[in-house]
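Examining the three-dimensional arrangement
Listed here are the chains, written in short residue letters.
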Amino acid sequence: MGKVSFDFKQIPDLPAFYRDFGRQFALAQPCDANLDELWHTVTKRMPLPVEIEFIHLSTSQKRRFGALILLFDEAEEELDGRLHFNLR
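Residues numbered from 1 in each chain as written. Predicted model: local features only at pLDDT ≥ 70, side-chain atom pairs only at ≥ 80, totals over all residues. Heavy atoms only, no water.

**Focus: the overall build of the protein chain**
Using the following cut-off: A run of H or I in DSSP becomes a helix once it reaches four residues, and a run of E becomes a strand once it reaches two; helices and strands are each numbered from the N terminus. Radius of gyration: over C-alpha atoms. The globule rule applied is 2.2 Å multiplied by the number of residues raised to the 0.38 power. Exposed residues in this analysis have more than 50% of their type's maximum accessible area, buried residues have under 20%, and partly exposed residues fall in between, with area computed by a 1.4 Å probe over protein chains only. Residue contacts follow a heavy-atom distance rule, with two residues in contact if any of their heavy atoms lie within 4.5 Å. Where accessible areas are quoted, they stem from the Shrake-Rupley method and a 1.4 Å probe; at the residue level, only the protein chains shown are allowed to cover. This count recognises Lys and Arg as positive and Asp and Glu as negative, with His and chain-terminal groups excluded. By convention, charge coordinates are those of NZ in Lys, CZ in Arg, CG in Asp, or CD in Glu.
Helices and strands together make up the secondary structure of the protein chain, namely four helices and three strands. Reading the protein chain from its N end, one meets helices and strands in the order β-α-α-β-α-α-β. A globule of 88 residues ought to have a C-alpha radius of gyration of about 12 Å, and the protein chain, at 12 Å, matches this closely. Judged by the C-alpha coordinates and their principal axes, the protein chain covers about 30 × 25 × 20 Å. Out of the 88 residues in the protein chain, the part that is buried amounts to 40%. Pairs at least 24 apart in sequence give 63% of the contacts found in the protein chain among residues at least 6 apart. Counting every atom, the protein chain has about 5,200 Å² of accessible surface; 48% of that belongs to carbon and sulfur. Distance from the positive charge centre (11 side chains) to the negative charge centre (14 side chains) of the protein chain: 7 Å.

**What to know about the pairing of strand β2 (residues 50-55)**
Put simply, the rule reads: At least two DSSP bridges between two strands are required for those strands to pair.
Within β2, six of the six residues are buried, which leaves the element mostly enclosed by the surrounding structure. Here β2 shows no split at all, with V50, I52 and F54 on one side and E51, E53 and I55 on the other all buried. Direction of pairing for strand β1 (residues 2-7) relative to β2: parallel, over a ladder of six bridges. Bridging from a neighbouring strand, G2 pairs with V50 of β2.

This is the structure we're talking about:
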């Protein structure tokens, strides 16, 4: 199982997250900067199994990126063990 980390000391906003996501997963066709497309990418296009971790999230960032956190929590449940998601 591969492991991919997103360091929120380096990710100030959603566009930066989407750029980093596309780079880290080497997506030939990057996902659009919206949650619906990200969900489709995570559940249908992304190489699995994988562990994804968000690191260095401050309390305010947890609120700001709450929709992303929820999306990956739900994807973890949907993909039955093929995706593991952690906050560190």
